[in-house]
Amino acid sequence: MRIALCQITSTPDKWANLELVAEAMAKAAAQGAEVVVFPEATMACFGVPLGPVAEPLDGPWATQLRELAVRHEVVAMAGMFTPADDDRVRNTMLITCARVHLGYDKIHLFDAFGFTESRTVAPGKPTVVVEFNGVGLGAAICYDLRFPGLFTTLADQGAKVIVLGASWGDGPGKREQWELLVRARAVDSTSWVVACGQAPPEQPGEGNAPTGVGYSMVADPFGRVHGQLGAEPDLLVVDIDPAMADEARKAIPVLANRRF
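This one's a predicted model, so the numbers in the text were calculated from it and none came from an experiment.

Tallying secondary structure elements over the chain gives 6 helices and 15 strands in all. Against the compact-globule benchmark of 18 Å for 260 residues, the chain has a radius of gyration of 17 Å, which places it among compact chains. A principal-axis box enclosing the C-alpha atoms of the chain has dimensions of 50 × 40 × 35 Å. A buried classification covers 53% of the 260 residues belonging to the chain. Working note: accessible area of the chain is about 11,000 Å², and carbon and sulfur atoms make up 52% of it. If the 22 positive side-chain charges of the chain are averaged to one point and the 31 negative ones to another, these points end up 7 Å apart.

As structure tokens, then:
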């Protein structure tokens, strides 16, 4: 399976961001990518009011992104915001192609490091695993990375590849935590972890909104780094073997052996 990680820097303008998506997706498809992954908050960066930019999955932004995926014959996964039942929004990973169009709503909200995501974002509940060419793809978003139970649950539900979109907040030790946790979740779940983050903006915004550190990476089911970008906006295209998850689960049967 060939997967592309499109490390972009989102702006407050969702239509300008859709142009970034279109450009990156075309480049990824030209390199033979089957799954094209974008970060959390691809629709609009954090640090701006999210209610005015949120749209349902059948709204114009998600519909146009699906049209791009269909045109390039890829599965596209990208972060957006959808309306919640209260005055908040949901932090959603859109998963879309010719035959699938659905969203995973972030379960673990980023109430940490002085940021309170739950003030404006409502938590999701159901986990999501979709099948593509016989391979289970699980979905996760940013702060989810700190919770091993989600990743082992996705593996229980058939995921061999877990795709995570992130807008990982910068700060002392945050890049090191990012790299450690991506590899750790791969080992926990004996799955591939494909983690695509926002590149940092050229000018830091006001406040403590998480705007990204870059360093998107892919870890194999044994926790080895299979590919990684730097801090700048860039494209990483990797070939992965989903069958390696079966090899890891046979060699290190932590999913079968766990007691808690």
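Moving on, we come to the side chain of Ser189. Along the chain, Ser189 turns up in helix H4 (residues 174–189). The exposure class assigned to Ser189 is buried, which follows from its relative accessible area of 0%. A polar atom in the side chain of Ser189 sits 2.7 Å from the backbone oxygen of Arg185. Ignoring sequence-local partners within four residues, the contact set of Ser189 consists of Phe151, Thr152, Ala155, Ile162, Arg249 and Leu255.

So, on to the nonpolar core. In terms of nonpolar packing, the biggest core is built from 51 residues, with Ile3, Val35, Ile95, Val161 and Trp178 touching the most fellow members. In terms of residue count, strand S11 (residues 159–166) provides more of this core than any other element does, 6 residues in total. In this structure, Met25, Val36, Leu65 and Ala78 belong to the second largest nonpolar core, which totals 37 residues.

Geometry of an aromatic ring pair is reported as the spacing of the ring centres plus the angle between the planes. Considering all chains together, one arrives at 7 aromatic pairs under this definition. With a centroid separation of 5.3 Å and 55° between ring planes, the pair formed by Trp168 and Trp178 is classed as tilted. Residue Trp168 is located in the loop between S11 and H4, and its partner Trp178 is located in helix H4; the two are separated by 10 residues in the primary sequence. Accessibility classification places Trp168 together with Trp178 in one group, the buried group.

Helix H2 (residues 60–72) packs onto helix H1 (residues 14–30) with a crossing angle of 15° between their chain directions and a minimal axis gap of 10 Å. Judged by the angle between their axes, H1 and H2 are roughly parallel. Note on packing geometry: the crossing formed by H1 with H2 is right-handed. Counted together, Lys14, Trp15, Leu18, Val21, Ala22, Met25, Ala26 and Ala29 of H1 and Pro60, Trp61, Gln64, Leu65, Leu68, Ala69 and His72 of H2 form the full contact between these two elements.

Our focus in this paragraph is the layout of surface pockets. The volume enclosed by the second largest pocket comes to roughly 180 Å³. Residue lining of the second largest pocket: Cys6, Gln7, Ile8, Thr9, Leu20, Glu23, Ala24, Lys27, Pro233, Asp234 and Leu235, and that is the complete set. Counting residues per element, the ones that place at least two in the lining of the second largest pocket are strand S1 (2–7), H1 and strand S15 (234–239). When residues in the lining of the second largest pocket are grouped by element, the largest group, 4 residues, is from H1. Residue classes in the lining of the second largest pocket are distributed as 6 nonpolar, 2 polar and 3 charged.

In this section: the confidence of the model for the chain. Per-residue pLDDT for the chain averages 96, and the proportion of residues at 70 or more is 98%. Confidence, expressed as mean pLDDT per element, reaches its minimum in the chain at strand S7 (residues 115–116) with 93 and its maximum at strand S12 (residues 192–197) with 99.

Applying the stated criterion across every chain yields a total of 11 salt bridges. Between Glu23 and Lys27 there is a salt bridge, with the nearest N and O atoms lying 3.5 Å from each other. Of this pair, Glu23 and Lys27 are both found in helix H1, 4 residues apart, which corresponds to roughly one turn of the helix. Take Glu23: its relative accessible area is 46%, and that puts it in the partly exposed class. Arg185 is the partner of Asp188 in a salt bridge, and the nearest nitrogen-oxygen pair spans 2.6 Å. Of this pair, Asp188 and Arg185 both sit in helix H4, 3 residues apart, which is roughly one turn of that helix. Owing to a relative accessible area of 25%, Asp188 belongs among the partly exposed residues under this scheme. Taking relative accessible area as the criterion, Arg185 reaches 7% and is therefore assigned buried.

Definitions and limits used
Residues numbered from 1 in each chain as written. Predicted model: local features only at pLDDT ≥ 70, side-chain atom pairs only at ≥ 80, totals over all residues. Heavy atoms only, no water. Helix = DSSP H or I, 4+ residues; strand = E, 2+ residues; numbered from the N terminus. Rg over C-alpha atoms; globule rule 2.2 N^0.38 Å. Buried < 20%, exposed > 50% of the residue type's maximum accessible area, 1.4 Å probe, protein only. Areas by Shrake-Rupley, 256 points an atom, 1.4 Å probe, with all protein chains shown as cover. Lys, Arg positive; Asp, Glu negative; His and termini not counted. Charge placed at Lys NZ, Arg CZ, Asp CG, Glu CD. Polar contact = N/O pair within 3.5 Å; in protein donor to acceptor, adjacent residues only side chain to side chain. Contact = heavy atoms within 4.5 Å. Core = buried A, V, L, I, M, F, W, Y, C linked by side-chain atoms within 4.5 Å. Phe/Tyr/Trp six-rings, centres within 6.5 Å; stacked < 30°, edge-to-face > 60°. Axes fitted to C-alpha atoms, helices over the stretch in contact; angles between N-to-C directions. Parallel < 35°, antiparallel > 145°, perpendicular 65-115°, else oblique. Left-handed = near helix turned anticlockwise from the far one by under 90°. 1 Å grid on protein atoms, 1.4 Å probe; cavity = no way out; pocket = protein on both sides within 12 Å on 5 of 7 lines; lining within 4 Å. Points joined across faces, edges and corners; volume = space filled by probe spheres on them. Nonpolar A, V, L, I, M, F, W, Y, C, P; charged D, E, K, R; others polar. pLDDT = per-residue confidence, 0-100. Salt bridge = Lys/Arg side-chain N within 4 Å of Asp/Glu carboxyl O.

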